[in-house]
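# Architecture at a glance
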Amino acid sequence: MTSVPFLSFGPQNQQIRAQVLEAMTQVFDSEWYVLGEAVKRFESEYAAFNQTTACVGVANGLDALHLALRALNIKAGDEVLVPSNTYIATWLAVSMVGATPVPVEPSLATYNLDPTRLEAAITPRTRAIMPVHLYGQACQMSEIMAIARKYNLQVVEDNAQAQGASFGGQLTGSFGVLNATSFYPGKNLGALGDAGALTTNDESLAQQVRTLRNYGSQQKYYNEVLGYNSRLDELQAAVLSAKLPFLPEWTQQRQALAAQYQAELAGISGLHLPTVAPGATHVYHLYVVRTPQRDALQSYLAGQGIGTLIHYPVPPHLQTAYKDLGYKPNAFPLAEEIAATCLSLPLWPGMSPEQAKAVTEMIRGFYNN
Ligand SMILES: *Cc1c(COP(=O)(O)O)cnc(C)c1O
């Protein structure tokens with residue numbers, strides 16, 4: 001029996017061990033440990049990778065989302081359109097500036113924000129749309145950008161799961177006025193701890209975020225605005241620079257594994273496989289299937305040594321943290337349907353085709369075909 005963990009850093013770490021240790025040694029020897037050369041270098045490399053003019057490194061993805069909204073002066077009394085089925089961080093960033101997250105349901109085919117549902121959620125208080133490229137697939141950005149222009153709304157992309165994905169040939173993280181990403185270890189580009197960044201083509205907004213992340217200060221001990229300490233760590237920046245050149249190859253490995261899953265799992269009735277929308281690419285941060293027998297399938301696979309996870313078991317509107325918004329079950333039935341039926345299969349760079357085959361054979365075994 002081949003056991004397959006949900007995620008392993010083993011092959012990836014082995015591939016980059018020498019480069020990462022060398023990068024960390026350089027920081028150690030530099031004797032400059034906060035906002036030094038490594039952060040500057042990674043910011044310019046990631047901006048080039050993401051085809052934006054600027055990148056600002058921050059402490060984590062949630063802070064990146066939060067600082068984007070702060071820099072855009074979104075505040076109490078404002079509303080921000082968010083997906084009903086995202087990770088809670090997207091909503092929390094809105095709450096952190098005192099604004100109200102207004103959920104919009106996804107398309108069941110792509111799990112991404114359904115642009116045809118956006119207009120109905122817009123009110124005179126709406127200030128921004130936060131598309132999340134969930135699981136690694138780019139949202140329908142041309143329709144989202146057109147609606148944003150029509151209603152004069154800002155777009156802030158949550159690109160935590162989709163580094164390197166594109167829509168209509170343009171990279172995610174380059175459509176919105178200020179966009180956020182996360183380098184949490186399990187993300188497609190992951191640090192050895194917490195890290196995040198904003199990407200933008202607006203130099204003045206980039207400068208505002210640089211000030212906000214560093215105590216609201218441009219000149220040491222002179223504070224212009226009420227800021228935060230949310231600097232990208234120098235060591236993490238060095239690690240990220242060492243890993244970034246491998247990201248395209250790792251993305252191809254993710255896509256090849258997804259194609260194998262797609263081929264070997266095709267035709268099982270009651271098992272919905274992910275679909276990629278026209279114009280979008282998918283970098284498979286997660287390979288998510290849906291089935292009404294989700295819990296039984298998950299425990300069957302666990303018994304066979306196959307690790308799976310649920311992204312995410314409870315949608316934000318039903319979390320205790322958001323009880324004050326007053327949403328009841330069935331308020332957002334598509335998000336709830338996804339939460340009740342989704343299952344993420346093992347997928348990571350360096351996972352072998354044999355391991356993927358073991359997963360699909362076990363799933364076929366569960367369905368007896
Ligand atoms: C990981 C993630 C975040 C938050 O990133 P952290 O670095 O953990 O703060 C935000 N949004 C989405 C969609 C994520 O997957």
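Counting starts from 1 at the beginning of each chain's written sequence and moves along it residue by residue. With the structure being a predicted model, the display of local features is reserved for residues of pLDDT at least 70 and the display and counting of side-chain atom pairs for 80 or more, all residues being used for whole-chain, interface and lining totals. With hydrogens and water excluded, all non-hydrogen atoms of the structure serve as input to the side-chain values.

## Structural notes on the site of the ligand
Proximity is defined per residue: if any heavy atom of the residue lies within 4 Å of a molecule or strand, that residue is considered near it. Close to the ligand lie 13 residues, the nearest being Gly61, Asp158, Gln161, Ser182 and Lys187. Between the ligand and glutamine 161 there is a distance of 2.8 Å, counted from an oxygen atom to a side-chain nitrogen or oxygen. Take serine 182: an N or O atom from its side chain is 2.7 Å from an oxygen atom of the ligand. Within the complex, the protein chains bury 90% of what would otherwise be the 380 Å² of accessible surface of the ligand. Throughout this description, a polar contact denotes any pair of N or O atoms lying within 3.5 Å of each other; where both atoms belong to protein, one of them has to be capable of donating a hydrogen while the other can accept it, and for residues adjacent in sequence the pair is counted only when both atoms sit in side chains. Here, Shrake-Rupley sampling with a 1.4 Å probe gives the accessible areas, and only protein chains in the shown set may cover a residue.

## Quick look at a nonpolar patch on the surface
The grouping of Phe28, Tyr33 and Val34 at the surface amounts to a nonpolar patch, some 340 Å² of accessible area in total. Working definition: with a 1.4 Å probe on protein chains only, accessible area under 20% of the residue-type maximum means buried, over 50% means exposed, and in between means partly exposed. A relative accessible area of 60% places phenylalanine 28 in the exposed class. Only residues above 30% relative accessible area that lack a salt bridge enter a patch, with like-charged residues linked at up to 9 Å and the nonpolar side chains Val, Leu, Ile, Met, Phe, Trp and Tyr linked at up to 5 Å. For salt bridges, the criterion is a side-chain nitrogen of Lys or Arg within 4 Å of an Asp or Glu carboxyl oxygen.

## A short note on the domain arrangement of the protein chain
Looking at the assigned domains, one finds that the protein chain contains domain 1 (10–244) and domain 2 (246–368). Computed from C-alpha atoms alone, the centre-to-centre distance between domain 1 and domain 2 is 24 Å. The contact criterion used is simple: two residues touch if any of their non-hydrogen atoms lie within 4.5 Å. Facing the 44 residues of domain 1 at the interface are 39 residues of domain 2. Buried area is calculated as the accessible area (1.4 Å probe) missing from two parts once they are joined, with the contributions of both summed. Roughly 3,700 Å² is buried in total at the junction of domain 1 and domain 2, and carbon and sulfur atoms are behind 61% of that figure. Its largest share of buried area at the contact with domain 2, domain 1 owes to Tyr111, Tyr135 and Asn188, together 21% of the area lost on that side. Applying the counting criterion to the domain 1 and domain 2 interface returns zero salt bridges. Each domain's extent is set by a domain assignment, obtained either automatically or from a database.

## Details of the pattern of salt bridges
Tallying each qualifying case throughout the model produces nine salt bridges. We note a salt bridge from arginine 41 to glutamate 45, for which the minimum N-O separation is 2.7 Å. With a gap of four residues between them, arginine 41 and glutamate 45 both fall in helix 2 (residues 37–50), about one helical turn apart. Given the relative accessible area of 24%, glutamate 45 is considered partly exposed. Residues arginine 127 and aspartate 78 are paired through a salt bridge, measuring 3.1 Å at the closest nitrogen-oxygen approach. In this pair, arginine 127 sits in strand 4 (residues 126–129) while aspartate 78 sits in the loop between helix 3 (61–71) and strand 2 (79–83), placing the two residues 49 residues apart along the sequence. By definition, any uninterrupted DSSP run of H or I lasting at least four residues is a helix, any uninterrupted run of E lasting at least two residues is a strand, and each is numbered from the N terminus.

## Some thoughts on unusual backbone geometry
Cis geometry marks the peptide bond from histidine 311 to tyrosine 312, where omega comes out at 10°. Tracing the backbone through its elements, the reader meets tyrosine 312 in the loop between helix 10 (294–303) and helix 11 (333–341). Of note in this structure, tyrosine 111 is not a glycine but carries a positive phi near 70°. Examined against the element boundaries, tyrosine 111 turns out to sit in the loop between strand 3 (100–104) and helix 5 (118–121). Backbone geometry places asparagine 152, a non-glycine residue, at a positive phi of 55°. Tracing the backbone shows asparagine 152 in the loop between helix 6 (141–151) and strand 5 (154–155).

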